[in-house]
There are 2 protein chains.
Amino acid sequence: MPKVVDHEERRAELAAAVWRLASREGLEAITVRRVAEEAGWSTGALVHYFGDKEELILFAFRTGADRVGRRLAKLDEHEADPLARARAQLLEGLPLDRDRQDEMRVWFSFLGLALTRPTLARAQRVAYRAWRERIRDRLREAQEAGQVRAEVDCEAEAAALVGLVDGLAVQAIFEPRLLSASRQVELVDARLEGLRA
Amino acid sequence: MPKVVDHEERRAELAAAVWRLASREGLEAITVRRVAEEAGWSTGALVHYFGDKEELILFAFRTGADRVGRRLAKLDEHEADPLARARAQLLEGLPLDRDRQDEMRVWFSFLGLALTRPTLARAQRVAYRAWRERIRDRLREAQEAGQVRAEVDCEAEAAALVGLVDGLAVQAIFEPRLLSASRQVELVDARLEGLRA
(Lines give C-alpha, C1' and ligand atoms only; values in the text may rest on other atoms or scores of the structure.)
Protein backbone atom coordinates (compact mmCIF):
# COMPACT_ATOMS: atom_id res chain seq x y z
CA MET A 1 0.00 0.00 0.00
CA PRO A 2 2.42 2.70 -1.14
CA LYS A 3 -0.20 5.41 -0.83
CA VAL A 4 -0.66 4.88 2.93
CA VAL A 5 3.07 4.94 3.56
CA ASP A 6 3.35 8.15 1.61
CA HIS A 7 0.56 9.71 3.66
CA GLU A 8 2.30 8.79 6.93
CA GLU A 9 5.63 10.05 5.64
CA ARG A 10 4.14 13.37 4.65
CA ARG A 11 2.50 13.78 8.04
CA ALA A 12 5.85 13.00 9.69
CA GLU A 13 7.48 15.65 7.49
CA LEU A 14 4.97 18.20 8.75
CA ALA A 15 5.47 17.12 12.37
CA ALA A 16 9.22 17.65 11.95
CA ALA A 17 8.53 21.14 10.59
CA VAL A 18 6.37 21.89 13.68
CA TRP A 19 9.22 20.82 16.02
CA ARG A 20 11.84 22.86 14.15
CA LEU A 21 9.67 25.96 14.13
CA ALA A 22 8.57 25.56 17.77
CA SER A 23 12.15 25.01 18.89
CA ARG A 24 13.25 28.26 17.19
CA GLU A 25 10.25 30.50 17.87
CA GLY A 26 7.99 28.78 20.39
CA LEU A 27 4.60 27.19 19.92
CA GLU A 28 3.04 30.61 19.46
CA ALA A 29 4.62 30.63 16.01
CA ILE A 30 2.72 27.48 15.02
CA THR A 31 0.05 28.39 12.53
CA VAL A 32 -1.04 26.45 9.47
CA ARG A 33 0.55 29.12 7.26
CA ARG A 34 3.93 29.20 9.05
CA VAL A 35 4.22 25.40 9.21
CA ALA A 36 3.42 25.14 5.50
CA GLU A 37 6.20 27.67 4.79
CA GLU A 38 8.65 25.82 7.05
CA ALA A 39 7.91 22.51 5.31
CA GLY A 40 7.97 24.08 1.84
CA TRP A 41 4.33 23.20 1.21
CA SER A 42 1.33 25.23 0.13
CA THR A 43 -1.19 26.03 2.83
CA GLY A 44 -3.82 24.18 0.79
CA ALA A 45 -1.75 20.99 0.72
CA LEU A 46 -1.20 21.16 4.47
CA VAL A 47 -4.91 21.62 5.19
CA HIS A 48 -5.45 18.32 3.32
CA TYR A 49 -3.52 16.61 6.14
CA PHE A 50 -4.48 18.74 9.15
CA GLY A 51 -7.69 20.70 9.47
CA ASP A 52 -6.43 23.24 11.97
CA LYS A 53 -3.62 24.34 14.24
CA GLU A 54 -4.92 22.22 17.11
CA GLU A 55 -4.70 18.99 15.11
CA LEU A 56 -1.27 19.94 13.86
CA ILE A 57 0.05 20.58 17.37
CA LEU A 58 -1.49 17.39 18.74
CA PHE A 59 0.02 15.32 15.95
CA ALA A 60 3.41 16.97 16.44
CA PHE A 61 3.32 16.23 20.17
CA ARG A 62 2.42 12.58 19.58
CA THR A 63 5.16 12.25 16.97
CA GLY A 64 7.67 13.60 19.48
CA ALA A 65 6.40 11.33 22.25
CA ASP A 66 6.54 8.32 19.90
CA ARG A 67 10.11 9.19 18.94
CA VAL A 68 11.13 9.24 22.61
CA GLY A 69 9.16 6.02 23.20
CA ARG A 70 11.03 4.26 20.39
CA ARG A 71 14.37 5.39 21.82
CA LEU A 72 13.37 4.00 25.22
CA ALA A 73 12.21 0.69 23.71
CA LYS A 74 15.53 0.36 21.88
CA LEU A 75 17.37 0.74 25.19
CA ASP A 76 15.47 -2.29 26.46
CA GLU A 77 17.04 -4.38 23.71
CA HIS A 78 20.59 -3.22 24.25
CA GLU A 79 20.90 -3.47 28.00
CA ALA A 80 20.32 -6.72 29.89
CA ASP A 81 20.73 -5.37 33.44
CA PRO A 82 17.32 -4.02 34.64
CA LEU A 83 18.69 -1.24 36.85
CA ALA A 84 21.05 -0.08 34.11
CA ARG A 85 18.05 -0.10 31.76
CA ALA A 86 16.02 2.07 34.12
CA ARG A 87 18.99 4.43 34.33
CA ALA A 88 19.41 4.65 30.55
CA GLN A 89 15.67 5.28 30.14
CA LEU A 90 15.74 8.07 32.72
CA LEU A 91 18.78 9.76 31.19
CA GLU A 92 16.86 9.96 27.88
CA GLY A 93 14.65 12.57 29.55
CA LEU A 94 17.54 14.88 30.42
CA PRO A 95 18.73 17.67 28.09
CA LEU A 96 22.28 16.25 27.93
CA ASP A 97 23.11 17.41 24.42
CA ARG A 98 22.00 20.09 21.97
CA ASP A 99 19.39 17.89 20.23
CA ARG A 100 17.74 16.91 23.50
CA GLN A 101 17.91 20.51 24.73
CA ASP A 102 15.86 21.52 21.69
CA GLU A 103 13.54 18.57 22.19
CA MET A 104 12.93 19.38 25.86
CA ARG A 105 12.29 23.05 25.12
CA VAL A 106 9.48 22.10 22.76
CA TRP A 107 8.25 19.45 25.22
CA PHE A 108 7.82 22.04 27.97
CA SER A 109 6.10 24.42 25.56
CA PHE A 110 3.56 21.70 24.82
CA LEU A 111 3.13 21.26 28.54
CA GLY A 112 2.30 24.95 29.01
CA LEU A 113 -0.27 24.76 26.23
CA ALA A 114 -1.76 21.47 27.47
CA LEU A 115 -2.85 23.12 30.71
CA THR A 116 -5.82 24.64 28.94
CA ARG A 117 -6.30 22.17 26.06
CA PRO A 118 -7.96 18.90 27.03
CA THR A 119 -6.85 16.87 23.98
CA LEU A 120 -3.24 17.91 24.47
CA ALA A 121 -3.50 17.26 28.23
CA ARG A 122 -4.71 13.74 27.46
CA ALA A 123 -1.75 13.14 25.15
CA GLN A 124 0.60 14.40 27.91
CA ARG A 125 -0.96 12.05 30.43
CA VAL A 126 -0.54 9.10 28.09
CA ALA A 127 3.12 9.97 27.50
CA TYR A 128 3.99 10.42 31.19
CA ARG A 129 2.07 7.30 32.17
CA ALA A 130 3.97 5.23 29.61
CA TRP A 131 7.29 6.59 30.90
CA ARG A 132 6.43 5.95 34.55
CA GLU A 133 5.22 2.41 33.84
CA ARG A 134 8.34 1.62 31.89
CA ILE A 135 10.56 2.76 34.78
CA ARG A 136 8.35 1.01 37.34
CA ASP A 137 8.61 -2.30 35.43
CA ARG A 138 12.41 -2.02 35.20
CA LEU A 139 12.58 -1.32 38.95
CA ARG A 140 10.40 -4.36 39.69
CA GLU A 141 12.62 -6.54 37.54
CA ALA A 142 15.63 -5.15 39.40
CA GLN A 143 13.87 -5.86 42.68
CA GLU A 144 13.13 -9.47 41.67
CA ALA A 145 16.78 -9.86 40.65
CA GLY A 146 17.78 -8.66 44.13
CA GLN A 147 19.38 -5.42 42.87
CA VAL A 148 16.82 -3.14 44.55
CA ARG A 149 15.80 -3.30 48.20
CA ALA A 150 12.59 -5.26 48.83
CA GLU A 151 10.87 -2.41 50.69
CA VAL A 152 11.09 0.07 47.75
CA ASP A 153 7.62 0.94 46.39
CA CYS A 154 8.48 0.75 42.68
CA GLU A 155 5.34 2.59 41.56
CA ALA A 156 6.01 5.59 43.85
CA GLU A 157 9.73 5.51 43.13
CA ALA A 158 9.07 5.60 39.37
CA ALA A 159 6.98 8.79 39.84
CA ALA A 160 9.76 10.32 41.94
CA LEU A 161 12.48 9.41 39.42
CA VAL A 162 10.49 10.74 36.47
CA GLY A 163 9.76 13.85 38.55
CA LEU A 164 13.43 14.32 39.40
CA VAL A 165 14.43 14.02 35.73
CA ASP A 166 11.71 16.40 34.60
CA GLY A 167 12.47 18.96 37.29
CA LEU A 168 16.22 18.84 36.59
CA ALA A 169 15.43 19.29 32.90
CA VAL A 170 13.46 22.47 33.66
CA GLN A 171 16.36 23.97 35.62
CA ALA A 172 19.01 22.77 33.15
CA ILE A 173 17.20 24.30 30.17
CA PHE A 174 17.21 27.73 31.79
CA GLU A 175 20.66 27.40 33.38
CA PRO A 176 22.77 24.97 31.37
CA ARG A 177 26.01 26.16 32.99
CA LEU A 178 24.74 25.58 36.50
CA LEU A 179 23.37 22.11 35.79
CA SER A 180 25.91 20.60 33.41
CA ALA A 181 25.23 17.26 31.75
CA SER A 182 27.54 15.45 34.19
CA ARG A 183 25.91 17.10 37.22
CA GLN A 184 22.45 16.05 36.00
CA VAL A 185 23.59 12.46 35.53
CA GLU A 186 25.24 12.43 38.98
CA LEU A 187 22.00 13.52 40.66
CA VAL A 188 19.97 10.78 38.98
CA ASP A 189 22.69 8.20 39.75
CA ALA A 190 22.73 9.22 43.42
CA ARG A 191 19.02 8.51 43.68
CA LEU A 192 19.34 5.14 41.92
CA GLU A 193 22.25 4.19 44.19
CA GLY A 194 19.98 4.81 47.16
CA LEU A 195 17.65 2.04 45.95
CA ARG A 196 20.30 -0.67 45.82
CA ALA A 197 19.94 -3.74 48.00
CA MET B 1 3.25 59.34 49.23
CA PRO B 2 -0.31 58.10 48.65
CA LYS B 3 0.02 58.35 44.89
CA VAL B 4 2.89 55.85 44.75
CA VAL B 5 1.02 53.37 46.95
CA ASP B 6 -2.02 53.70 44.74
CA HIS B 7 0.08 53.07 41.64
CA GLU B 8 1.53 49.89 43.13
CA GLU B 9 -1.88 48.72 44.27
CA ARG B 10 -3.35 49.22 40.86
CA ARG B 11 -0.51 47.31 39.21
CA ALA B 12 -1.06 44.49 41.70
CA GLU B 13 -4.77 44.49 40.79
CA LEU B 14 -3.84 44.03 37.14
CA ALA B 15 -1.37 41.27 37.96
CA ALA B 16 -4.12 39.43 39.86
CA ALA B 17 -6.37 39.76 36.81
CA VAL B 18 -3.62 38.25 34.62
CA TRP B 19 -3.31 35.24 36.97
CA ARG B 20 -7.06 34.66 37.12
CA LEU B 21 -7.45 34.86 33.36
CA ALA B 22 -4.35 32.72 32.68
CA SER B 23 -5.51 30.11 35.17
CA ARG B 24 -8.89 29.84 33.43
CA GLU B 25 -7.90 30.18 29.77
CA GLY B 26 -4.12 29.93 29.54
CA LEU B 27 -1.54 32.60 28.78
CA GLU B 28 -2.70 32.71 25.17
CA ALA B 29 -5.75 34.59 26.45
CA ILE B 30 -3.57 37.37 27.87
CA THR B 31 -4.00 40.47 25.76
CA VAL B 32 -4.21 44.07 26.91
CA ARG B 33 -7.89 44.10 25.98
CA ARG B 34 -8.83 40.87 27.79
CA VAL B 35 -6.92 41.79 30.96
CA ALA B 36 -8.58 45.23 31.02
CA GLU B 37 -11.99 43.51 30.77
CA GLU B 38 -11.08 41.01 33.51
CA ALA B 39 -9.97 43.82 35.84
CA GLY B 40 -12.94 46.03 34.96
CA TRP B 41 -10.71 48.73 33.49
CA SER B 42 -10.67 50.54 30.18
CA THR B 43 -7.93 49.50 27.76
CA GLY B 44 -6.65 53.09 27.83
CA ALA B 45 -6.26 53.03 31.61
CA LEU B 46 -4.37 49.75 31.45
CA VAL B 47 -1.97 51.00 28.77
CA HIS B 48 -1.06 53.80 31.21
CA TYR B 49 0.42 51.09 33.47
CA PHE B 50 1.70 48.56 30.95
CA GLY B 51 2.78 49.40 27.42
CA ASP B 52 2.22 45.95 25.95
CA LYS B 53 1.34 42.32 26.58
CA GLU B 54 5.00 41.41 27.17
CA GLU B 55 5.35 43.90 30.06
CA LEU B 56 2.06 42.76 31.52
CA ILE B 57 3.08 39.09 31.47
CA LEU B 58 6.51 39.83 32.93
CA PHE B 59 5.00 41.88 35.74
CA ALA B 60 2.43 39.18 36.47
CA PHE B 61 5.14 36.52 36.61
CA ARG B 62 7.24 38.62 39.01
CA THR B 63 4.20 39.31 41.19
CA GLY B 64 3.54 35.58 41.42
CA ALA B 65 7.19 34.78 42.15
CA ASP B 66 7.27 37.51 44.85
CA ARG B 67 4.11 36.09 46.43
CA VAL B 68 5.71 32.65 46.66
CA GLY B 69 8.95 34.25 47.94
CA ARG B 70 7.07 36.01 50.74
CA ARG B 71 5.37 32.75 51.74
CA LEU B 72 8.76 31.03 51.88
CA ALA B 73 10.29 33.86 53.93
CA LYS B 74 7.41 33.65 56.38
CA LEU B 75 8.10 29.96 56.90
CA ASP B 76 11.63 30.91 58.01
CA GLU B 77 10.11 32.90 60.86
CA HIS B 78 7.74 30.21 62.06
CA GLU B 79 9.97 27.18 62.09
CA ALA B 80 13.20 26.99 64.11
CA ASP B 81 14.39 23.56 62.97
CA PRO B 82 16.40 24.01 59.72
CA LEU B 83 15.47 20.66 58.14
CA ALA B 84 11.78 21.21 58.95
CA ARG B 85 12.14 24.65 57.36
CA ALA B 86 13.64 23.19 54.19
CA ARG B 87 10.75 20.73 54.11
CA ALA B 88 8.09 23.42 54.54
CA GLN B 89 9.72 25.52 51.82
CA LEU B 90 9.77 22.59 49.41
CA LEU B 91 6.15 21.66 50.07
CA GLU B 92 5.15 25.22 49.06
CA GLY B 93 6.10 24.26 45.51
CA LEU B 94 3.68 21.32 45.35
CA PRO B 95 0.09 21.65 44.10
CA LEU B 96 -1.35 20.33 47.38
CA ASP B 97 -4.60 22.31 47.31
CA ARG B 98 -6.83 23.98 44.75
CA ASP B 99 -5.18 27.42 45.06
CA ARG B 100 -1.72 26.04 44.53
CA GLN B 101 -2.97 23.85 41.68
CA ASP B 102 -4.15 27.02 39.93
CA GLU B 103 -0.92 28.78 40.80
CA MET B 104 1.25 25.96 39.43
CA ARG B 105 -0.77 25.74 36.23
CA VAL B 106 -0.03 29.38 35.50
CA TRP B 107 3.59 28.92 36.59
CA PHE B 108 4.15 26.17 34.04
CA SER B 109 2.43 28.23 31.35
CA PHE B 110 4.94 31.02 32.03
CA LEU B 111 7.69 28.45 31.74
CA GLY B 112 6.50 27.36 28.29
CA LEU B 113 6.45 30.97 27.14
CA ALA B 114 9.82 31.80 28.72
CA LEU B 115 11.56 29.30 26.45
CA THR B 116 11.42 31.79 23.60
CA ARG B 117 11.27 35.10 25.53
CA PRO B 118 14.58 36.25 27.01
CA THR B 119 13.14 38.70 29.58
CA LEU B 120 10.76 36.07 30.92
CA ALA B 121 13.54 33.45 30.90
CA ARG B 122 15.66 35.82 33.01
CA ALA B 123 12.82 36.23 35.52
CA GLN B 124 12.44 32.43 35.68
CA ARG B 125 16.15 31.99 36.33
CA VAL B 126 16.04 34.54 39.15
CA ALA B 127 13.05 32.80 40.75
CA TYR B 128 14.53 29.28 40.57
CA ARG B 129 17.92 30.49 41.76
CA ALA B 130 16.34 32.16 44.80
CA TRP B 131 14.44 28.97 45.62
CA ARG B 132 17.49 26.73 45.25
CA GLU B 133 19.67 29.04 47.36
CA ARG B 134 17.05 29.15 50.08
CA ILE B 135 16.91 25.34 50.25
CA ARG B 136 20.70 25.06 50.03
CA ASP B 137 21.13 27.45 52.98
CA ARG B 138 18.60 25.53 55.10
CA LEU B 139 20.40 22.27 54.29
CA ARG B 140 23.75 23.79 55.27
CA GLU B 141 22.30 24.98 58.57
CA ALA B 142 20.91 21.49 59.13
CA GLN B 143 24.31 20.05 58.27
CA GLU B 144 26.06 22.36 60.77
CA ALA B 145 23.47 21.35 63.38
CA GLY B 146 24.36 17.72 62.74
CA GLN B 147 20.93 16.84 61.26
CA VAL B 148 22.25 16.17 57.75
CA ARG B 149 25.17 13.88 56.89
CA ALA B 150 28.49 15.71 56.44
CA GLU B 151 29.13 14.26 52.96
CA VAL B 152 25.90 15.69 51.44
CA ASP B 153 26.67 18.34 48.78
CA CYS B 154 24.00 20.87 49.81
CA GLU B 155 24.18 22.83 46.55
CA ALA B 156 23.61 19.74 44.40
CA GLU B 157 21.00 18.36 46.77
CA ALA B 158 19.05 21.64 46.65
CA ALA B 159 18.89 21.40 42.84
CA ALA B 160 17.71 17.78 43.13
CA LEU B 161 15.05 18.63 45.73
CA VAL B 162 13.73 21.59 43.75
CA GLY B 163 13.79 19.37 40.67
CA LEU B 164 11.88 16.61 42.43
CA VAL B 165 9.21 19.05 43.64
CA ASP B 166 8.87 20.65 40.22
CA GLY B 167 8.70 17.33 38.40
CA LEU B 168 6.13 15.93 40.84
CA ALA B 169 4.10 19.12 40.35
CA VAL B 170 4.05 18.57 36.57
CA GLN B 171 2.74 15.02 36.97
CA ALA B 172 0.29 15.94 39.76
CA ILE B 173 -1.26 18.76 37.73
CA PHE B 174 -2.09 16.40 34.88
CA GLU B 175 -2.99 13.42 37.08
CA PRO B 176 -4.18 14.66 40.47
CA ARG B 177 -5.73 11.29 41.35
CA LEU B 178 -2.55 9.38 40.69
CA LEU B 179 -0.33 11.73 42.66
CA SER B 180 -2.46 12.74 45.63
CA ALA B 181 -1.30 15.45 48.02
CA SER B 182 -0.22 12.86 50.61
CA ARG B 183 1.69 10.82 48.03
CA GLN B 184 3.55 13.96 46.87
CA VAL B 185 4.50 14.83 50.44
CA GLU B 186 5.65 11.25 51.13
CA LEU B 187 7.99 11.31 48.14
CA VAL B 188 9.63 14.56 49.24
CA ASP B 189 9.86 13.31 52.84
CA ALA B 190 11.51 10.08 51.71
CA ARG B 191 14.25 12.06 49.98
CA LEU B 192 14.77 14.34 53.02
CA GLU B 193 14.93 11.30 55.31
CA GLY B 194 17.74 9.96 53.15
CA LEU B 195 19.88 13.01 54.03
CA ARG B 196 19.67 12.56 57.79
CA ALA B 197 22.83 11.99 59.78
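Residues numbered from 1 in each chain as written. Chains lettered and ligands numbered in written order. Predicted model: local features only at pLDDT ≥ 70, side-chain atom pairs only at ≥ 80, totals over all residues.

Caption draft 1: Spotlight on the interface of chain A and chain B. Taken together, the contact pairs 32 residues of chain A with 32 residues of chain B. Looking at the side of chain A that touches chain B, the elements that each hand over two or more residues are helix H6 (98–114), helix H7 (118–144), helix H8 (154–174) and helix H9 (181–193) of chain A. For the side of chain A that touches chain B, the class distribution of residues is 17 nonpolar, nine polar and six charged. (Contact = placed C-beta atoms within 7 Å. Helix = DSSP H or I, 4+ residues; strand = E, 2+ residues; numbered from the N terminus. Nonpolar A, V, L, I, M, F, W, Y, C, P; charged D, E, K, R; others polar.)

Caption draft 2: Layout of the relation of the copies chain A and chain B. Of the two same-sequence chains, chain A is brought onto chain B (RMSD 0.0 Å, axial shift 0.0 Å) by a rotation of 180 degrees. Interpreted geometrically, this transformation is the action of a two-fold axis. Take the interface residues of chain A: 100% of them recur as interface residues in chain B, which is what a same-surface contact looks like. (Least-squares fit on C-alpha atoms with pLDDT ≥ 70 in both.)

Caption draft 3: Structural view of the packing of helix H5 (residues 82–91) of chain A against H7 of chain A. All names here are of chain A. H7 packs onto H5 with a crossing angle of 160 degrees between their chain directions and a minimal axis gap of 8 Å. Put simply, H5 runs roughly antiparallel to H7. Helix-helix and strand crossings are classified by hand; for H5 and H7 the assignment is left-handed. Packed against H5, whose contacting residues are Pro-82, Leu-83, Arg-85, Ala-86, Gln-89 and Leu-90, the element H7 presents Arg-134, Ile-135, Arg-138, Leu-139, Glu-141 and Ala-142 at the interface. Partitioning the contact of H5 with H7 into residue classes produces seven nonpolar, one polar and four charged. (Axes fitted to C-alpha atoms, helices over the stretch in contact; angles between N-to-C directions. Parallel < 35°, antiparallel > 145°, perpendicular 65-115°, else oblique. Left-handed = near helix turned anticlockwise from the far one by under 90°.)

Caption draft 4: Here's a closer look at helix H2 (residues 32–39) of chain A. Residue and element names in this part refer to chain A. Those residues of H2 not exposed but buried are Val-35, Ala-36 and Glu-38. Down the axis of H2, the smallest arc covering the buried residues is 160 degrees, so these residues share one side. In the segment just after H2, Gly-40 is the residue with positive phi, at about 75 degrees. (Buried ≥ 20, exposed ≤ 12 C-beta atoms within 10 Å, placed from the backbone. Arc of directions from axis to C-beta.)

Caption draft 5: Representation of helix H5 (residues 82–91) of chain B. The buried fraction of H5 of chain B is high, at seven of ten residues. Close packing links the buried residues of H5 of chain B with helix H4 (53–78), helix H7 (118–144), helix H8 (154–174) and helix H9 (181–193) of chain B.

Caption draft 6: Representation of the nonpolar core within the structure. Membership of the largest hydrophobic core comes to 112 residues, with the highest contact counts inside it found for Val-18 of chain A together with Val-18 of chain B. Once residues within four sequence positions are removed from consideration, Val-18 of chain A is found in contact with Ile-30, Val-35, Leu-56, Ile-57 and Ala-60 of chain A. (Core = buried A, V, L, I, M, F, W, Y, C linked by C-beta atoms within 7 Å.)

Shape descriptors only; they carry no functional weight alone.
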